[in-house]
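Each chain is listed here by its residues.
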Amino acid sequence: MPSLAAQITPTGITAPTYAEILALLQASFQAIYGSDAYIASDSQDGQLIALFASAINDANQAAIAAYNNQSPNSAQAWVCPPWSSSMGSGERLPHSRPQSGP
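Below is a short write-up of the structure. (Residues numbered from 1 in each chain as written. Predicted model: local features only at pLDDT ≥ 70, side-chain atom pairs only at ≥ 80, totals over all residues. Heavy atoms only, no water.)

## Topic: helix α2 (residues 44–68)
Okay, so step 1: Helix length check: α2 (25 residues) gives 36 Å between terminal C-alpha atoms against 36 Å at 1.5 Å per residue, within 8%.
Okay, so step 2: Gly46, Ile49, Ala53, Asn57, Asn60 and Ile64 are the residues of α2 that are buried.
Okay, so step 3: On its buried face, α2 is in contact with β2 (12–14) and α1 (18–33). (Helix = DSSP H or I, 4+ residues; strand = E, 2+ residues; numbered from the N terminus. Expected span 1.5 Å × (residues − 1). Buried < 20%, exposed > 50% of the residue type's maximum accessible area, 1.4 Å probe, protein only. Contact = heavy atoms within 4.5 Å.)

## Overview of the side chain of serine 43
Okay, so step 1: The topology assignment puts serine 43 in the loop between α1 and α2.
Okay, so step 2: In terms of polar contacts, serine 43 uses its side chain to reach the backbone amide nitrogen of glycine 46, at 2.9 Å. (Polar contact = N/O pair within 3.5 Å; in protein donor to acceptor, adjacent residues only side chain to side chain.)

## A look at a nonpolar patch on the surface
Okay, so step 1: On the surface, a cluster of nonpolar side chains totalling about 300 Å² of accessible area is made up of Leu48, Leu51 and Phe52.
Okay, so step 2: Relative to the helices and strands, phenylalanine 52 resides in helix α2. (Patch = residues over 30% accessible without salt bridge, like charges linked within 9 Å, V, L, I, M, F, W, Y side chains within 5 Å. Areas by Shrake-Rupley, 256 points an atom, 1.4 Å probe, with all protein chains shown as cover. Salt bridge = Lys/Arg side-chain N within 4 Å of Asp/Glu carboxyl O.)

## A few points about the nonpolar core
Taken as a class, soluble globular proteins show a tendency for nonpolar side chains to be buried jointly.
Okay, so step 1: Counting residues in each nonpolar core, the largest one holds ten residues, listed as Leu4, Ile21, Leu22, Leu24, Leu25, Phe29, Ala37, Ile39, Ile49 and Ala53.
Okay, so step 2: Listing elements by their share of this core, those giving two or more residues are α1 and α2.
Okay, so step 3: At five residues, the largest contribution of residues to this core is made by α1. (Core = buried A, V, L, I, M, F, W, Y, C linked by side-chain atoms within 4.5 Å.)

## A few points about the environment of alanine 37
Okay, so step 1: Along the polypeptide, alanine 37 turns up in the loop between α1 and α2.
Okay, so step 2: It is 9.8 Å that separates the C-alpha atoms of alanine 37 and glutamine 26, two residues lying eleven residues apart in sequence.
Okay, so step 3: Those residues in contact with alanine 37, other than ones at most four positions away along the chain, are Phe29 and Gln30.

## A word on the packing of α1 against α2
Okay, so step 1: Remark: α1 packs on α2, axes separated minimally by 9 Å, with the N-to-C direction vectors making an angle of 135°. As the angle between them shows, α1 and α2 are arranged oblique. In this structure, α1 meets α2 at a crossing whose hand is right-handed. Counting all contacts with α1, which are made through Tyr18, Ile21, Leu22, Leu25, Gln26 and Phe29, the residues of α2 involved are Asp45, Ile49, Ala50, Phe52, Ala53, Ser54, Ile56, Asn57 and Asn60.
Okay, so step 2: The residue makeup of the contact of α1 with α2, split by class, is ten nonpolar, four polar and one charged. (Axes fitted to C-alpha atoms, helices over the stretch in contact; angles between N-to-C directions. Parallel < 35°, antiparallel > 145°, perpendicular 65-115°, else oblique. Left-handed = near helix turned anticlockwise from the far one by under 90°. Nonpolar A, V, L, I, M, F, W, Y, C, P; charged D, E, K, R; others polar.)

The structure is reproduced here in structure tokens:
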């Protein structure tokens, strides 16, 4: 079975899409319980599989963001506006990097 997790390779980080994760989980479920198992999105089992796929996808996206933030070229900084508390209770605004040169 292909990996559900994000993979770091010499060319960077990749992860399967939500649709790929969902399909792999559905195939695994049917391999265990049989191909006649009803796993459509309106069934309890289908909803649970979709929930697992969403959680795995969220974890992969967090791993990709953490990996990309290690590079100055792809990092994203977030700053709190001056009117918010130091704990960041206000709306967060993306910080743009100053342009170098004239």
